[in-house]
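Okay, here's what each chain looks like letter by letter:
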Amino acid sequence: MAERTARRPDVDEYDSYYAQYVARVPDGDVINALRAQHETFVALIRSIPDQRRGHRYADGKWSIEEVFGHIVDTERAFAYRTMCFVRGLADIEQPGIDQDVMVPASGATERGLESIADEFDHLRRANLALFDTLDDDALASRGRASGADVSVRALLHIVYGHADHHAQVVRERYLD
């Protein structure tokens, strides 16, 4: 398994916008990286004190809860794309994700961080169960999402990189 999931996606496997996320993935098995990230990410969410939960580092920026809710929503969407591409629905283009619509509608600020941490924990476990079943053909599967071609291999890397990016933003801009 590790050998096939260690290959990084080629630049033609994703839109150039996502290069910033793919670059964040450490060398090696992306599924093992997702597993390791799972534990540290849940711990990060749960480490945030209640008095910081609604913190925004500037006017018009998301609260910490909204940032983590956005990560959950994005991971769910990318995992759904993965499932569609490997289950024979690659010919159906997947819609884009409008974070400016989804974040305010998420109710993250009313839910609290514990609820978001639990959701991420369950979601990542379910996604890892799916990702563990992917063989070489599945990883190479491609489809269209947000108007661009993307491979399943790239989607796994983007899931990791997107969460890692936002975790870094939280550490640098939201926490003391």
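See the structure above.
A quick note: this is a predicted structure, and the numbers were derived from the prediction, not measured.

(A) Quick peek at the overall build of the protein. Secondary structure summary: the protein contains nine helices and two strands in total. Listed by position from the N terminus, the elements making up the protein come as α-α-α-α-α-α-α-α-β-β-α. Relative to a compact globule of 176 residues, whose C-alpha radius of gyration would be 16 Å, the protein shows 16 Å and is just as compact. In terms of overall dimensions, the protein has C-alpha extents of about 45 × 30 × 25 Å along its principal axes. Taken over 176 residues, the protein has a buried fraction of 48%. Across the protein, every contact between residues at least 6 apart in sequence was considered, and the portion connecting residues at least 24 apart equals 78%. Seen as two clouds, the 21 positive and the 31 negative side-chain charges of the protein have centres 2 Å apart.

(B) Focus on the packing of helix H4 (residues 64–86) against helix H9 (residues 152–174). The geometry of H4 relative to H9 is characterised by a closest axis approach of 9 Å and an angle of 175 degrees between their N-to-C directions. In terms of their interaxial angle, H4 and H9 are classed as roughly antiparallel. Mapping the contact onto sequence places Ile64, Val67, Phe68, His70, Ile71, Thr74, Glu75, Phe78, Arg81, Thr82, Phe85 and Val86 in H4 and Val152, Leu155, Leu156, Ile158, Val159, His162, Ala163, His166, Val170 and Tyr174 in H9. The residue makeup of the contact of H4 with H9, split by class, is 15 nonpolar, five polar and two charged.

(C) Layout of the pairing of strand S2 (residues 148–151). Pairing between strand S1 (residues 142–145) and S2: four bridges, direction antiparallel. Counted as the bridge partner of Gly143 is Val150 from S2. A loop of two residues connects S1 with S2, the two strands running antiparallel in sequence, and Ser146 in this loop sits at a positive phi of about 55 degrees.

(D) Structural view of unusual backbone geometry. Unusually for a residue other than glycine, Ser146 sits at a positive phi of about 55 degrees. One can find Ser146 in the loop between S1 and S2.

(E) Seen up close, the environment of Val22. Structurally, the position occupied by Val22 is in helix H2 (residues 19–22). The class of Val22 is buried, set by a relative accessible area of 4%. Residues Val22 and Leu155, spaced 133 residues apart in sequence, show a C-alpha to C-alpha distance of 8.9 Å. Beyond its immediate stretch of four places on either side in the chain, Val22 contacts Arg8, Pro9, Tyr14, His157 and Ile158.

(F) Layout of helix H7 (residues 113–131). The terminal C-alpha atoms of H7 lie 26 Å apart, and with 19 residues this matches the ideal 27 Å at 1.5 Å per residue to within 8%. Leu113, Ile116, Ala117, Phe120, Asp121, Leu123, Arg124, Asn127, Leu128, Leu130 and Phe131 are the residues of H7 that are buried. Considering only its buried residues, H7 is in contact with helix H3 (30–47), H4, helix H6 (108–111) and H9.

(G) Region of interest: the nonpolar core. Of all hydrophobic cores here, the largest spans 30 residues; its most connected members are Leu34, Phe131, Leu134, Val150, Leu156 and Ile158. Elements that contribute at least two residues to this core include exactly H2, H3, H4, H7, helix H8 (136–140) and H9. The element that contributes the greatest number of residues to this core is H9, accounting for seven residues. Not counting residues up to four positions away in its chain, the partners in contact with Leu34 are Arg124, Leu128, Phe131, Leu156, Val159 and Tyr160. Counting residues in each nonpolar core, the second largest holds 23 residues, with Phe41, Ala108, Val169 and Tyr174 among its members.

(H) The pattern of salt bridges, seen in detail. In total, this model carries 17 salt bridges according to the counting rule given. The partner of Arg24 in a salt bridge is Asp164, and the shortest N-O contact between them spans 2.9 Å. Of this pair, Arg24 sits in the loop between H2 and H3 while Asp164 is found in helix H9, placing the two residues 140 residues apart along the sequence. When the shortest N-O distance is used, the salt bridge between Arg125 and Asp121 registers 3.0 Å. Of this pair, Arg125 and Asp121 both sit in helix H7, four residues apart, roughly one helical turn. Among the residues examined, Arg125 registers a relative accessible area of 48% and is labelled partly exposed. Judged by relative accessible area, Asp121 falls into the buried class, the value being 14%.

Scoring rules and cut-offs
Positions within a chain are numbered from 1, following the residues in the order the chain's sequence is written. Local features in this predicted model are restricted to residues of pLDDT 70 or higher, and side-chain atom pairs are both shown and tallied only at a pLDDT of 80 or more, whereas totals for entire chains, interfaces and linings draw on every residue. Each side-chain value is derived from all of the structure's non-hydrogen atoms; neither hydrogens nor water enter the calculation. Strands are runs of DSSP state E lasting at least 2 residues, helices are runs of H or I lasting at least 4, and numbering of each runs from the N terminus. Here the radius of gyration uses the C-alpha set of atoms, whereas the globule reference equals 2.2 Å times the residue count to the power 0.38. The cut-offs for exposure are 20% and 50% of the maximum accessible area for each residue type, with area from a 1.4 Å probe on protein chains only; residues under the lower value are buried, those over the upper are exposed, and the others partly exposed. Contacts are assigned to residue pairs with any non-hydrogen atoms lying within 4.5 Å of each other. The charge count treats Lys and Arg as positive and Asp and Glu as negative. His and the chain ends do not count. Charged side chains are reduced to one point each, which is NZ for Lys, CZ for Arg, CG for Asp and CD for Glu. Simply put, an axis is a line fit to the C-alpha atoms, just over the touching stretch for a helix, and the angle between two N-to-C directions goes from 0 to 180 degrees. We call two directions roughly parallel when the angle between them is under 35 degrees, roughly antiparallel when it is over 145, roughly perpendicular when it lies between 65 and 115, and oblique otherwise. All residues other than Ala, Val, Leu, Ile, Met, Phe, Trp, Tyr, Cys, Pro, Asp, Glu, Lys and Arg, Gly among them, are scored as polar; the first ten of these are nonpolar and the last four charged. Strand pairing requires that DSSP identify at least two bridges connecting the strands. Take the residue count of a helix, subtract one, and multiply by 1.5 Å to get its expected span. Residue types Ala, Val, Leu, Ile, Met, Phe, Trp, Tyr and Cys, when buried and joined through side-chain atoms within 4.5 Å, form a set referred to as a nonpolar core. One speaks of a salt bridge when a side-chain nitrogen belonging to Lys or Arg is within 4 Å of a carboxyl oxygen belonging to Asp or Glu.

Any functional reading would require information beyond the geometric quantities listed.
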